[in-house]
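Secondary and tertiary structure notes
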Amino acid sequence: MENEFTGFNCFMEESSEVGKAYIDMILQQEKASSLDNKTRELAYIAVLAATGIMGGLLYHVQSAKKLGASRDEVKSAILVGLPAVGLTIIDPLEAALKAFDGKSDQIL
């Protein structure tokens, strides 16, 4: 999981004020959300998986777990994208479930 944020870390280091503005936008969006924290994390996991963005997926799975999400809820959040994106969802599914189970050293 240590290399998961390599691209994001580079963005934050190299973009100066743009990175700060991005984080500020995220914080404002969280404040404005009507979703509780666990539901917001599950929704974000669904979006990351459906778009194939692996960076951050493992972090958000662990965050959802800390907020009380079950393994089945994480799995269901990922599989909600199956009809729209098809089998592109299987790699994020495997990675997320391994992260949930504490096997992040076995990911991809």
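Please refer to the structure higher up on the page.
Residues numbered from 1 in each chain as written. Predicted model: local features only at pLDDT ≥ 70, side-chain atom pairs only at ≥ 80, totals over all residues. Heavy atoms only, no water.

1. A short note on the layout of surface pockets
Leftover empty space is mapped by rolling, across the atoms, a probe with the size of a water molecule. Reported here for the largest pocket is a volume of approximately 740 Å³. Together, 25 residues line the largest pocket, and Y22, I26, E30, Y44 and H60 are the ones closest to its centre. Put simply, the parts of the chain that give the lining of the largest pocket at least two residues each are α2 (17–32), α3 (37–51) and α4 (57–66). The leading source of residues in the lining of the largest pocket is α3, at 8 residues. (1 Å grid on protein atoms, 1.4 Å probe; cavity = no way out; pocket = protein on both sides within 12 Å on 5 of 7 lines; lining within 4 Å. Points joined across faces, edges and corners; volume = space filled by probe spheres on them. Helix = DSSP H or I, 4+ residues; strand = E, 2+ residues; numbered from the N terminus.)

2. Comments concerning the pattern of salt bridges
Under the definition given, this model contains 5 salt bridges. A salt bridge links D101 to R71; its shortest N-O distance comes to 2.9 Å. Placement of D101 in the segment after α7 (90–100) and of R71 in helix α5 (residues 71–79) is noted, with a sequence separation of 30 residues between them. On the basis of relative accessible area, R71 is assigned to the partly exposed category, the value being 32%. (Salt bridge = Lys/Arg side-chain N within 4 Å of Asp/Glu carboxyl O. Buried < 20%, exposed > 50% of the residue type's maximum accessible area, 1.4 Å probe, protein only.)

3. Describing the nonpolar core
In this structure, L42, I45, L57, V61, V74, I78 and A96 are the most contacted members of the largest nonpolar core, which totals 20 residues. Elements with a contribution of two residues or more to this core: α3, α4, α5 and α7. Broken down by element, this core gets its largest block of residues, 6 residues, from α7. Dropping the residues within four chain positions of it, I45 is found in contact with L57, H60, V61, A64 and I78. (Core = buried A, V, L, I, M, F, W, Y, C linked by side-chain atoms within 4.5 Å. Contact = heavy atoms within 4.5 Å.)

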